[in-house]
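What follows is each chain in one-letter form.
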Amino acid sequence: MHRRTLGSTGMELTEVGLGTWNVGPVWGDVEDEDVIESIHTALDSGSNFVDTAEVYGEGRAERLIGDVLDHREDADRISVATKARPDEDGRHSEAGLRESVAGSQDRLGVDTLDLVQLHCPETAAFYEPETFEVLEDLKDEGEIAHAGVSVEKVEEATKAIEYDVVESVQIIFNPLRQRPAERFFERAKNEDVGIIVRVPLASGLLADAIHDVSHLDEEDHRRIAAEEGVEAGVGRKGGETFAGVPFESGLAAVEDMRRLVPVQASMAQFTLRWILDFEAVTTVIPGSTSPEHVRENIAAADLDPLSHETHGAVRDIYEEHVYDDVHHCW
């Protein structure tokens, strides 16, 4: 698989990694064995990057990743990014950051974390230089190798990269959430900041895997958001579930987009290829506990880039179906 450099970190990451948010309870029950198999499948298929967070299953995802790496002879080629939980006020104190780093080190079984990202703190956190000074200290002390942020809003990303310690930004970006390409990507590239794209498949909408939610667990965030509205979903104002798109509008957009998918590709692969066509993107991290889907996602990196006409058509669909719902929110 092709690799891209994550900004100034020097980390050479495969274009498709593995996200592990679906280990958490908001997705319904998932067995440890299924999670472990999905991680092994991604790594055996050529990926070298796994993204996680201490809140995913309250440390469960990190522990399982640590177990997998402990049993692999090629563990030294694999990079793991994790995220530090904000304090109760939605910001990051020094004590909270240090506690998060120590906990993640223990669960992952490492002395130095490859990449620690602030985990979608409140906007105010990005205007508190002392938070980023703590990240500098942790880096100087050898507790972390690199630091980044995971954000909800483009404006937060733009503010975050004013701090030299921030070498990567994780952000939602897909055909149903296009504002980052307009407002952030060029600046990130110019500043040598890596971009990790999360929620690329819009919680399954862009995998063409969800046509109704009646079969989903009652506690599944996708069912809740579809039945109760966007703000009932996960994330600030529900912006994580379905990438913040109203369920029915998302379905209509996918239906319209289906005609653009090459015959040799799935909707999920088409979506991932669309994302990778943006040079500013370093890697994309779809999550799945299905080995078949993991292999399919990774294979998307081998598809030919999409045409300008196809990109134009995707933009038209975005503007027709979801632009008014999401473009100025995030």
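Residues numbered from 1 in each chain as written. Predicted model: local features only at pLDDT ≥ 70, side-chain atom pairs only at ≥ 80, totals over all residues. Heavy atoms only, no water.

Side note on the sheet that holds strand β4 (residues 49-51)
Picture the strands of a sheet paired through backbone hydrogen bonds; they go either parallel or antiparallel.
Then comes step 1: As summarised here, the arrangement of the eight strands in space is β3-β4-β5-β6-β7-β8-β9-β10, forming an open sheet in which the pairing is parallel. Every interior strand has two partners, whereas the edge strands, β3 (18-19) and β10 (281-284), have only one.
Then comes step 2: Of the pairings in the sheet, the one linking strand β5 (residues 79-84) to strand β6 (residues 115-119) comprises four bridges and is parallel in character. Across the sheet, Ala84 pairs through a bridge with Leu118, a residue of β6.
Then comes step 3: Lying on the sheet, helix α4 (residues 129-140) is in contact with β6, β7 (147-150) and β8 (166-172); it crosses β6 at an angle near 165 degrees. (Pairing = 2+ DSSP bridges. Helix = DSSP H or I, 4+ residues; strand = E, 2+ residues; numbered from the N terminus. Contact = heavy atoms within 4.5 Å. Axes fitted to C-alpha atoms, helices over the stretch in contact; angles between N-to-C directions.)

Topic: the state of the cysteines
Then comes step 1: Counted by the stated rule, this structure contains zero disulfides.
Then comes step 2: As a non-bridged cysteine, Cys120 has Cys329 as the owner of its nearest cysteine sulfur, 16 Å distant.
Then comes step 3: A relative accessible area of 41% places Cys329 in the partly exposed class. (Disulfide = S-S within 2.5 Å. Buried < 20%, exposed > 50% of the residue type's maximum accessible area, 1.4 Å probe, protein only.)

Structural notes on the packing of aromatic side chains
The geometry of two aromatic rings is summed up by the distance between their centres and the angle between their planes.
Then comes step 1: Scanning the entire structure with this criterion turns up eight aromatic pairs.
Then comes step 2: Consider the rings of Phe173 and Phe185, whose centres lie 4.8 Å apart with planes at 70 degrees: the pair is edge-to-face. Remark: Phe185 occurs in helix α7 (residues 185-190) and Phe173 occurs in the loop between β8 and α6 (179-183); sequence separation between them is twelve residues. Here the two residues Phe173 and Phe185 agree in accessibility, since each one is buried. (Phe/Tyr/Trp six-rings, centres within 6.5 Å; stacked < 30°, edge-to-face > 60°.)

Topic: helix α12 (residues 308-321)
Then comes step 1: Across its 14 residues, α12 extends 20 Å between first and last C-alpha, which sits within 8% of the 20 Å expected from 1.5 Å per residue.
Then comes step 2: Residues of α12 that are buried: Thr310, His311, Ala313, Val314, Arg315, Ile317, Tyr318 and His321.
Then comes step 3: Residues of α12 that are buried in the fold lie against α6, α9 (247-257), α10 (267-276) and α13 (323-326). (Expected span 1.5 Å × (residues − 1).)

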